[in-house]
Amino acid sequence: MRWLLLKDLQIMRRSPLLTALLIVYPIVIAVLIGFALSRGPDKPRVAFLNEVPADTPLNVGGEEFDLAGARSELCERIECVPVSSEEEARQKVESGDVLGALILPADLVDKLQTLAGLNPESPTVKVLVNEEDPIKAGLVDDRISALLATANLRISQEVSDVSTTYLQILLNGGDFSFLGDEGLKVLGLRESESILRDVRGELPADSPDLERLDSVIRFSHLAAENLSVAGELLSSVSQPILVDKEVVSGDTPSLDTFAIAVAATITLMFVTVLLVAGSLALEREENAFARLTRGLVSKTALLGEKILLGVVVALAVTLLMLAGLGLFVELDWGRFGLWIPAILAGGAGFAAFGAAIGGAAREVRAASLLAFMVSLPVAFLSLIPSGTVAPGLYDVISVVTAAFPFDPALRALTGALDAGGPSIGIAIVHLAILVVAYGALARVAVRRFV
Amino acid sequence: MTASPPAPPADAAIDAVGLTKRFGDRTALDGVGFAAAAGDVLAVIGPNGAGKTTLLSLLAGIREPDAGEIHLPRGEVGFVPQQAALYRRLTVAENLRLFARLEEVADVEATVERMLEQTGLGDRRDDQAGTLSGGNQQRINIAIGLLSDPAVLLLDEPSTGLDPRQRGRLWEFVLGLAGRGTTVIFSTHNIAEAERYAGRVLVIADGQGLFDGPIAEFHAAAPAAGTEAADFESAFVRFLAERGH
Ligand SMILES: Nc1ncnc2c1ncn2[C@@H]1O[C@H](COP(=O)(O)OP(=O)(O)OP(=O)(O)O)[C@@H](O)[C@H]1O
Ligand SMILES: [Mg+2]
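In this text, all values refer to a predicted model and were calculated from it rather than measured experimentally.

Thresholds, definitions, all that
- Residues numbered from 1 in each chain as written.
- Chains lettered and ligands numbered in written order.
- Predicted model: local features only at pLDDT ≥ 70, side-chain atom pairs only at ≥ 80, totals over all residues.
- Heavy atoms only, no water.
- Near = heavy atom within 4 Å.
- Polar contact = N/O pair within 3.5 Å; in protein donor to acceptor, adjacent residues only side chain to side chain.
- Areas by Shrake-Rupley, 256 points an atom, 1.4 Å probe, with all protein chains shown as cover.
- Donors = N, O, S within 2.8 Å, 3.2 Å for Na, K, Ca; no water.
- Helix = DSSP H or I, 4+ residues; strand = E, 2+ residues; numbered from the N terminus.
- Buried < 20%, exposed > 50% of the residue type's maximum accessible area, 1.4 Å probe, protein only.
- Patch = residues over 30% accessible without salt bridge, like charges linked within 9 Å, V, L, I, M, F, W, Y side chains within 5 Å.
- Salt bridge = Lys/Arg side-chain N within 4 Å of Asp/Glu carboxyl O.
- Core = buried A, V, L, I, M, F, W, Y, C linked by side-chain atoms within 4.5 Å.
- Contact = heavy atoms within 4.5 Å.
- Buried area = accessible area lost by both parts, 1.4 Å probe.
- Pairing = 2+ DSSP bridges.
- Axes fitted to C-alpha atoms, helices over the stretch in contact; angles between N-to-C directions.

With that settled, consider the site of ligand 1. All names here are of chain B. Ligand 1 sits among 15 residues. The nearest are Gly49, Lys52, Thr53, Thr54 and His189. For ligand 1, an oxygen atom lies 2.9 Å from a polar atom in the side chain of Asn48. Contacts to ligand 1 include Glu157, whose side-chain N or O atom sits 3.3 Å from an oxygen atom. Against a free-state accessible area of 630 Å², the protein chains account for coverage of 66% of ligand 1.

So, in structure tokens, the structure goes:
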């Protein structure tokens, strides 16, 4: 028993690459998950610009609205990044430093004041967003709607409270102060009705005014009845503040297309990387590598053949998959001509990556395991939108994901599937660079094959 | 003592000088040189780990020597590795066909048929190579190495795992090639085989060339301890023992 245990530990020590992966992998995954849970969507970074003059009192219907309090409450729910101008906000959004920007225009308070008056104007806040990818676009929308819903709820509460007071006076009578005037005595509809009834009782039964008086009584009764439910109606006014949303960069493809691109890229990745890594390692396992590379084919040509194999299979599988998906979701078949170069470039990127893995691992099983273990977290990292994590960390993530084919392949496919997607040309150039780099790595790795 | 190697013949098909190969700090081959002419059959013998496979892999161009030179004036080199190098998931015929195509032989199908006949595996032609017995896999391994009809043929322990009948066929075929001018260099642990089929032996131990010459000279270099003429195998063992191997 213990000898077997010792034997296994010794074997693990002799396979440093796999053992290191076995140790590093769970840590990486744990960190990623922890990260997703803690730093995830609950505190998005939003640039905040308040153009409202600092000491503007906000008075809604005689009640002081606590602007500073509202602000600090807001900044508890999001990470407010103070900016001093709309220009700066725009820049931060464009660079992906923040998820979006919230701008309170100078006239916001003035317009808010009018809500409680007789001539209401819609106050508008400006929102800048960077919708470079659909996951983020969705996230931004959710955040901002949630924030505004809360703000609107509070404001409409205030407004309807004030309106309800007016209504009560109209219904039941009372003192009404208007523009600093003396208290104005208001009779109220209910009181008017009872006065009218009293008057009616004093009229002779055959008076010609009786009928006209009756109609006035009916009206004030009806008005009182109906206005008493108006209070409830008022409180349901929910959107006093309007949002003027502006997309700063990135024309977003639909979430559907994006989901298809992600699915296709993940399929492309696994099929190609596993196939190429495995079949290259198999050449060595079968001892055929030495036989082939002495005279029959050059090592570079053999690697080229593996990459070509990967590309051909990748193309077939991905097209098949898209055709299958096309049965359920609408695909823009008019862009078919762009699908092909995107899949070919993505396939080549993954194939070269697979060749490097197969060369490094040298055994089929180790190669498959390595391929899985490296591909998954990279794919996961590539799907993290900017602005959802600290900017320094996001820069690190960008550098890491740029070194692997998943991110450019996803961009190429998204761009190919949807006109609103990212530039397919840049993605293909990026993939071409990765093909050369991983091809060179694979070429170095197979030197150790014999 | 180390026999001085004979001067390379003018028509040397292969000429190796001072071949050295190191793996880390282990010297697998230490300045081994020899020459062989067209039609020569040279046996490389030596204990396990002597450096036979290393020498053949340098000659085959699979590995680069750390020092020394190999001259191959003409033609290409065929190689039969010690461990079968074939695709276990391909059938016998598919393996032969693949390598025949890669070798660019003139008539692929005829060559495949000839090799199936040669190996006696015609009835297993559609079986996956991995399902064959070890000896039968070795037969295919050899057949693949013979496909190209090279000027120099290198065989690393080719008869290991073969039954006597197959061994007979193998040597018949190899000697036939030598008779037509192919230089054959093979390693073996079967001393009798070396004595019987090789015109010359190259003895290496611990990476060093100890003897290079005709079999008869080797007998002289390792004189029988006893009175009666010792057989080649015990002469070989004694030869090594005397030199501390
Ligand atoms: N890839 C390698 N890495 C490290 N050492 C090696 C390697 N290949 C061979 N060696 C060492 O080189 C020496 C010669 O090995 P080689 O395989 O040439 O011996 P051999 O004469 O063919 O032995 P055998 O008769 O057992 O086949 C041995 O000590 C071996 O351990
Ligand atoms: Mg050997």
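So that's the structure; there's more coming.
Quick look at the coordination of the magnesium ion (ligand 2) now. Residues and elements named next belong to chain B. Distances from the magnesium ion (ligand 2) to its protein donors, namely Thr53 (OG1) and Gln82 (OE1), fall within the range 1.8 to 2.3 Å. Pair noted here: Thr53 is in helix α1 (residues 52-60) and Gln82 is in the loop between β5 (77-80) and α2 (92-102), with a separation of 29 residues, a long-range link. With relative accessibility at 32%, the residue Thr53 sits in the partly exposed group. Assessed through its relative accessible area of 37%, Gln82 is described here as partly exposed.

Take unusual backbone geometry next. When glycine is set aside, most residues are seen to have a negative phi, and most peptide bonds are trans. Residue and element names in this part refer to chain A. In this structure, Arg362 takes a positive phi of about 70 degrees despite not being glycine. Within the secondary structure, Arg362 sits in the loop between α12 (336-361) and α13 (364-382). With relative accessibility at 23%, the residue Arg362 sits in the partly exposed group.

Before going further, it helps to spend a moment on a nonpolar patch on the surface. Residues and elements named next belong to chain A. Taken together, the side chains of Leu5, Leu9, Met12, Leu22, Ile23, Val24, Ile27, Val28 and Val31 make up a nonpolar region of the molecular surface, amounting to roughly 810 Å² of accessible area. Those elements that place two or more of their residues in the nonpolar patch are α1 (2-14) and α2 (16-38). Broken down by element, the nonpolar patch gets its largest block of residues, six residues, from α2.

Quick look at the pattern of salt bridges now. Residue and element names in this part refer to chain A. All chains considered together, the criterion is met by 16 salt bridges over all chains. With a shortest N-O distance of 3.2 Å, Glu86 and Lys126 are connected by a salt bridge. Residue Glu86 is located in helix α4 (residues 86-94), and its partner Lys126 is located in strand β6 (residues 124-130); the two are separated by 40 residues in the primary sequence. Taking relative accessible area as the criterion, Glu86 reaches 24% and is therefore assigned partly exposed.

Residue and element names in this part refer to chain B. Grouped together as the largest cluster of nonpolar side chains are 114 residues, with contacts concentrated most on Leu96, Val201 and Val203. Ignoring sequence-local partners within four residues, the contact set of Val203 consists of Ile45, Gln208, Gly209, Leu210, Phe211, Phe218, Phe236, Phe239 and Leu240. Counting 25 residues, the second largest nonpolar core, distinct from the first, contains Ala13, Ala16, Leu42 and Val152.

A few words on the interface of chain B and chain A. Contact residues are listed per partner, giving 21 residues for chain B and ten residues for chain A. Carbon and sulfur atoms make up 52% of the surface buried where chain B meets chain A, a total of about 1400 Å² over both sides. Among the residues of chain B in contact with chain A, B:Ile62, B:Tyr87 and B:Leu102 are the three that bury the most area, contributing 39% of the side total. Inspection of the region where chain B meets chain A yields one salt bridge. Counting every contact that joins chain B to chain A gives nine residue pairs in polar contact (both at pLDDT 80 or more). For the side of chain B that touches chain A, the secondary structure elements donating two or more residues are β5, α2 and α4 (134-146) of chain B.

Below, the discussion takes up the sheet that holds strand β6 (residues 152-156) of chain B. All names here are of chain B. The strand order across the open sheet formed by six strands is β5-β6-β7-β3-β8-β9, and the pairing between neighbours is mixed. Every other strand in the sheet has two partners, leaving β5 and β9 (208-214) as the edge strands with one partner each. Strand after strand, the sheet turns through a mean of 15 degrees between neighbouring axes, direction not considered. Examined bridge by bridge, strand β3 (residues 41-45) and strand β7 (residues 183-187) share four bridges and lie parallel to one another. Residue pairing in the sheet places Val44 in a bridge with Ser187 of β7. Along the sheet, α4 makes contact with β5 and β6, crossing β5 at roughly 175 degrees. Sheet contacts for helix α5 (residues 164-179): β3, β6 and β7; angle to β7, the most-contacted strand, approximately 145 degrees.

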